[in-house]
Amino acid sequence: SLPTELANLYELTLLSMERNQLSVIPTDLFKSLWNLETLNLRGNSFTGTLPTMPSYVALTELDLSENSFTGTLPTKLGQLTSLNYLWLSDNNLNG
């Protein structure tokens, strides 16, 4: 899983952990990552619903493709007003 200590990296702007066989995203990971602009978790082993991102996160690029996420897109995605690129392909999403 992603280390919970990442939440302490307040100035982090880019996090790329693609293809690491990760399966768990800590629920409080994003509470302190206000400056995070790029998040790449492509090609891991995540399952379940997409993680909820707080609307204050500054994400401009989000890549969660090539995992096993299920369900519908969270409405909170629409509140990420800085988001320019969103990759969700190769999951099991609907809606």
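Residues numbered from 1 in each chain as written. Predicted model: local features only at pLDDT ≥ 70, side-chain atom pairs only at ≥ 80, totals over all residues. Heavy atoms only, no water.

Student: A description of the pattern of salt bridges should follow, citing residues and the corresponding values.
Tutor: Following the criterion strictly, the structure yields three salt bridges and no others. Its salt-bridge partner being Arg 19, residue Glu 66 comes within 2.7 Å of it at the nearest N-O pair. You can see Glu 66 sitting in the loop between strand E4 (61–63) and strand E5 (68–71) and its partner Arg 19 sitting in the loop between strand E1 (14–16) and strand E2 (38–40), a full 47 residues away along the chain. For Glu 66, a relative accessible area of 25% gives the class partly exposed. (Salt bridge = Lys/Arg side-chain N within 4 Å of Asp/Glu carboxyl O. Helix = DSSP H or I, 4+ residues; strand = E, 2+ residues; numbered from the N terminus. Buried < 20%, exposed > 50% of the residue type's maximum accessible area, 1.4 Å probe, protein only.)

Student: Give me the lowdown on the pairing of E5, citing residues and values where you can.
Tutor: Across two bridges, strand E3 (residues 47–48) lies against E5 in parallel orientation. Looking across to E5, one finds that Thr 47 is bridged to Ser 68. Bridge count between E5 and strand E7 (residues 92–93): two bridges; the pairing is parallel. By the bridge assignment, Gly 71 is partnered in E7 with Leu 93. (Pairing = 2+ DSSP bridges.)

Student: Break down the sheet that holds strand E6 (residues 85–87) for me, with residues and values.
Tutor: Strand order in the open sheet formed by four strands is E1-E2-E4-E6, with parallel pairing between adjacent strands. Each end of this open sheet is capped by a strand with a single partner; those strands are E1 and E6. Neighbour-to-neighbour, the strand axes of the sheet open up by a mean angle of 5 degrees, direction not taken into account. Direction of pairing for E4 relative to E6: parallel, over a ladder of three bridges. Pairing of Leu 62 across the sheet is with Leu 86, part of E6. (Axes fitted to C-alpha atoms, helices over the stretch in contact; angles between N-to-C directions.)

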